[in-house]
Amino acid sequence: MKEPLSREAMATRVGIELEDGFYVNLGIGMPMLVAEHILPGRRVLFQAENGVLGVGPYPSEDAIDPDLGNAGDQDITLVPGACTFDSIISFGMIVGGHLDVTVLGAFQVSAKGDLANWKLPQRTVGSYGGAMDLAVGAKRVIALMQHVTRDGDPRVVTSCSYPLTAPQCVSMIVTDLAVIDVLPEGLLLREVAPGWTAAEVQERTEAPLIVDRVKEWKTI
Amino acid sequence: MKEPLSREAMATRVGIELEDGFYVNLGIGMPMLVAEHILPGRRVLFQAENGVLGVGPYPSEDAIDPDLGNAGDQDITLVPGACTFDSIISFGMIVGGHLDVTVLGAFQVSAKGDLANWKLPQRTVGSYGGAMDLAVGAKRVIALMQHVTRDGDPRVVTSCSYPLTAPQCVSMIVTDLAVIDVLPEGLLLREVAPGWTAAEVQERTEAPLIVDRVKEWKTI
Amino acid sequence: MAHDKIEKSCEEAVADIGDGASVMVGGFSGRGTPSNLLLALRARGLKDLIIIRNDASGGWKNPIDIDILLEAGQVKKVVTCFAVFGSPKKISALEQAVLDGRTELELVPQGTLAERIRAGGAGIGAFYTPVGVGTLAAEGKEVRDIGGREMLLEHALTADFSLIKAHRSDRIGNLVYRRSTCNFNPHMAMAAKTTICEAENIVETGEIDPDLVMTPSIFVHRVVHVPRSAS
Amino acid sequence: MAHDKIEKSCEEAVADIGDGASVMVGGFSGRGTPSNLLLALRARGLKDLIIIRNDASGGWKNPIDIDILLEAGQVKKVVTCFAVFGSPKKISALEQAVLDGRTELELVPQGTLAERIRAGGAGIGAFYTPVGVGTLAAEGKEVRDIGGREMLLEHALTADFSLIKAHRSDRIGNLVYRRSTCNFNPHMAMAAKTTICEAENIVETGEIDPDLVMTPSIFVHRVVHVPRSAS
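Residues numbered from 1 in each chain as written. Chains lettered and ligands numbered in written order. Predicted model: local features only at pLDDT ≥ 70, side-chain atom pairs only at ≥ 80, totals over all residues. Heavy atoms only, no water.

Before going further, it helps to examine the overall build of chain C. For chain C, the count of helices and strands is six helices and 12 strands. Scaling as 2.2 N^0.38, a compact globule of 231 residues should have a C-alpha radius of gyration of about 17 Å, and chain C matches this with 18 Å. Each principal axis of the C-alpha atoms in chain C carries an extent, and together these give about 50 × 40 × 30 Å. Of the contacts made within chain C by residues no fewer than 6 positions apart, 78% connect residues no fewer than 24 positions apart. Looking at chain C as shown, the accessible area adds up to about 7700 Å², and 49% of this sits on carbon and sulfur atoms. Here chain C carries 26 positive and 29 negative side-chain charges, and the mean point of each set is 3 Å from the other. (Helix = DSSP H or I, 4+ residues; strand = E, 2+ residues; numbered from the N terminus. Rg over C-alpha atoms; globule rule 2.2 N^0.38 Å. Contact = heavy atoms within 4.5 Å. Areas by Shrake-Rupley, 256 points an atom, 1.4 Å probe, with all protein chains shown as cover. Lys, Arg positive; Asp, Glu negative; His and termini not counted. Charge placed at Lys NZ, Arg CZ, Asp CG, Glu CD.)

Below is the structure:
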């Protein structure tokens, strides 16, 4: 039976984009999985916007440092070469354009690369967190999300109906069905999940996809 | 014979203004003398705008730390409780209104408290240094200068003819002849140097002085 | 006392905070949060407080944060970037207070919040940032082309009091933070008229290497010793 | 190499700086000034450099500073706060170059200079400061009432390169400064496309306590080891 890709497979695909020596921020939630899928031989330093550069694996129970967490309030460790700092240095790093990549979860991404990831429309109140800063500041924004909602509605849309995090900021979308590049001429369907066709992906996508250059799903 | 006060006496007079626990920046030149004239029992922490809080006395030759200087590039020492920091923290301290007092040298001070201390009019090029920041930012600005120029021209003037450092920033003027408060209603001649009269000080002052409350020169 | 800023208790340290005061609260979830000062503040039973704080979404793992003020009905307004949980199933104390019309919310992007606090402490009146352009965060704000890029005008934030937490303080209030507990604390210290620090360790003045001080004593007005075991 | 940013020599480290480049130079007089990088830069024999630097008034006690570039006629423009000596009897290299019409001078108050550099590194486009209102520093600038106070609009500064100096660096460029050598170095590190650091000591990556890093490695692209005795 044809299945969408697992979260692990999606994280693995994003991992391929993170080059040796990159400085990267991973958003709260699924993007954090990417940390475990860096290609062998590559060294990537992960930033947490609460003030850490060089986030390491989660600690064992007896190695927890209560003074050390990530932006999702998880206990973390540090890698050699890590440093900690205040929120001003942290967001100077983010908004000043110093991060090579940020990987952010998303509710919707539009054909122009608009990102909506901070508030469900039916909710009165939302949380910006650091998402707007990351979306505007990082050199490259990768959106990582399921291709459709639980109700089957497309998340890659002509125009976002959810409140925006930032307009025209996403350069690549990775979902459980596809890898899509956001180009000036439109959304380029670059890869489809094994077993799926471009037509099937387009069916589940509101925005029109450019499908003349589709390749196989990239693996390690 | 009647002499103007010495630089030491002027510095001593300013020292009386510096209360226990104050954080103070002393400008380059004569104001730096004030550090040696803090009243006994009072502890004042001196800031240097290149990034030091807690400037101590000048070091002996063999105690010089080449990494440690003040804003006038003199070798210094640190007192217990001192700290060093970057220019952004330093000027955040200054412009953010955290310093209790700054003592600045001056070419001219006007009746409204305008300060001119960064450029001689006959010079094409000048240096702002940190003077504008200090004049605008400190809670209280004390101008310390000779009462007249070498040519005998008044330095306390109706309106500055030299380029301004900041308008309406000086609250007190200490010279070798007088202590003057800058008040909304004008310049209040508070003290005159021993042996001098209010009339003699007014003769050497362009701006009109309020002379109905003159007191003796304050000493320790 | 300027040479010894150590207060006897959290209660004494917050004794002059009054109704309607604006209060910055350091920390990011539980890390770097002055929980003991918050408890002492709640005990004052004040009303109409204005709270400026990174997160107000129910404290994740943190048992004591600004929720205790919100739940006690002491807060008129909150300026924050984390107002609700990610999941709509869990309602935060702030969300409930906003839904009930008891508390006003000013939602600010995290970096903009940090920058506005820094501006307040550093004497900068306002600044232009690209963050928030084209979003709800731009509502009612000036948008201007700065160097070819659209930016929002954002204004400085200051407060009557900042409640912060440090790993170590000397007697005159030079502070050191550890690991990710630093976050908003150093810049909130600069942005309030009166800054009150809960410090896990107190050392004699002069014991901290001058290079290692993270918040200079000039920004700190009161320090309370709350050892880690007690907090 | 991202894991090892150590360059073999100052010459190699500055080899791609070209004519017309904008270059920030850290330090305050001699303290924290990357003198060996400046010597290597001069040896390139470039023209039309734009230099951003705290002081250009003849180096007080510092034998090697940006004067060596000015005297070699390599500088088109200088952005600084100290342009001349206090005494009119001594003419600084910059003063002479300005009087001769060889070099353009943009004089900026010291705190505004630091703030403009910080803005450049932090992605802030411009800001309002009370410093300079009612003076020559306000010429040609927008003045605006911000919260009841007149302020000047000042714009961010960035550069192609920053030349900075540190006391210690690890192999990936985490930096530590000592005493008053810190000054402009950390914020210049953030404000340039390429930041090159002259470090007195090199340690292995992981040897600097994460709390004590003053400039995170992300801001540093090249490091040259110049032991103190050789500088």
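Across chain C, the average pLDDT comes to 95, with 96% of residues at or above 70. Of the two predicted TM-score estimates for the complex, the pTM is 0.98 and the ipTM is 0.98. (pLDDT = per-residue confidence, 0-100.)

Let's shift gears to helix 5 (residues 110-122) of chain D. Its 13 residues place the ends of helix 5 of chain D 18 Å apart at the C-alpha level, agreeing with the 18 Å of an ideal helix rising 1.5 Å per residue. Count one or two residues on from helix 5 of chain D and you reach D:Gly123, which has phi positive near 80 degrees. (Expected span 1.5 Å × (residues − 1).)

Looking now at the packing of helix 2 (residues 87-95) of chain A against helix 5 of chain D. The contact between helix 2 of chain A and helix 5 of chain D brings their axes to 7 Å, and the two run at 60 degrees. The angle between helix 2 of chain A and helix 5 of chain D falls in the class oblique. Taking contact as the criterion, the partners of A:Ile88, A:Phe91, A:Gly92 and A:Val95 in helix 2 of chain A are, on helix 5 of chain D, D:Arg118, D:Gly121 and D:Ala122. In terms of residue class, the contact of helix 2 of chain A with helix 5 of chain D is made up of four nonpolar, two polar and one charged. (Axes fitted to C-alpha atoms, helices over the stretch in contact; angles between N-to-C directions. Parallel < 35°, antiparallel > 145°, perpendicular 65-115°, else oblique. Nonpolar A, V, L, I, M, F, W, Y, C, P; charged D, E, K, R; others polar.)

Quick look at the pairing of strand 8 (residues 149-155) of chain C now. Residue and element names in this part refer to chain C. Bridging between strand 6 (residues 126-129) and strand 8 involves four bridges; their strand directions are antiparallel. Each bridged residue has a counterpart across the sheet, and for Thr129 the counterpart in strand 8 is Leu152. Pairing of strand 7 (residues 143-146) with strand 8, which is carried by four bridges, proceeds in the antiparallel orientation. Counterpart to Asp145 in the pairing with strand 8 is Glu150. Counted along the chain from strand 7 to the antiparallel partner strand 8, the turn is two residues long, and its residue Gly147 has a positive phi close to 60 degrees. (Pairing = 2+ DSSP bridges.)

This part covers the interface of chain A and chain C. Facing the 38 residues of chain A at the interface are 48 residues of chain C. Across the chain A to chain C interface the summed buried area is about 3500 Å²; carbon plus sulfur atoms make up 58%. The largest per-residue losses of area from chain A upon contact with chain C belong to A:Asp67, A:Asp73 and A:Arg123, which jointly make up 21% of the total buried on that side. On the surface where chain A and chain C come into contact, there are six salt bridges. One salt bridge connects C:Arg31 with A:Asp73, and the closest N-O pair in it is separated by 3.6 Å. Inspection of the region where chain A meets chain C yields 25 residue pairs in polar contact (both at pLDDT 80 or more). For the side of chain A that touches chain C, the secondary-structure elements that each account for two or more residues are strand 4 (78-84), helix 2 and helix 3 (131-137) of chain A. (Buried area = accessible area lost by both parts, 1.4 Å probe. Salt bridge = Lys/Arg side-chain N within 4 Å of Asp/Glu carboxyl O. Polar contact = N/O pair within 3.5 Å; in protein donor to acceptor, adjacent residues only side chain to side chain.)

Residue and element names in this part refer to chain A. Strand order in the open sheet formed by three strands is 7-6-9, and the pairing between neighbours is mixed. With one partner strand each, in any of the chains shown, strand 7 (115-116) and strand 9 (156-157) form the two edges of the open sheet. Examined bridge by bridge, strand 6 (residues 108-110) and strand 9 share two bridges and lie parallel to one another. Paired with Val109 across the bridge in strand 9 is Val156.

The next thing to look at is the pattern of salt bridges. In a structure, side chains of opposite charge can pair up when their charged atoms sit close to one another. Tallied over the entire structure, the rule returns 67 salt bridges over all chains. We note a salt bridge from C:Asp211 to D:Arg179, for which the minimum N-O separation is 3.3 Å. Taken together, the residues span two chains, with C:Asp211 in the loop between strand 11 (192-203) and strand 12 (222-225) and D:Arg179 in the loop between strand 10 (175-176) and helix 6 (185-191). Look at the salt bridges and you will find they share partners, linking A:Arg13, A:Glu17, A:Arg140, A:Asp181, A:Arg190 and A:Glu191 into a network.

The subject of this paragraph is empty space enclosed by the protein. This structure, assessed with the given rule, holds six cavities of 30 Å³ or more. By volume, the largest cavity is sized at about 700 Å³. Around the largest cavity, the lining is made up of 37 residues, and of these A:Asp86, B:Asp86, C:Met214, D:Val213 and D:Met214 lie nearest the centre. For the lining of the largest cavity, the secondary-structure elements that each account for two or more residues are helix 2 of chain A, helix 2 (87-95) of chain B, helix 6 (185-191) of chain C together with helix 6 of chain D. (1 Å grid on protein atoms, 1.4 Å probe; cavity = no way out; pocket = protein on both sides within 12 Å on 5 of 7 lines; lining within 4 Å. Points joined across faces, edges and corners; volume = space filled by probe spheres on them.)

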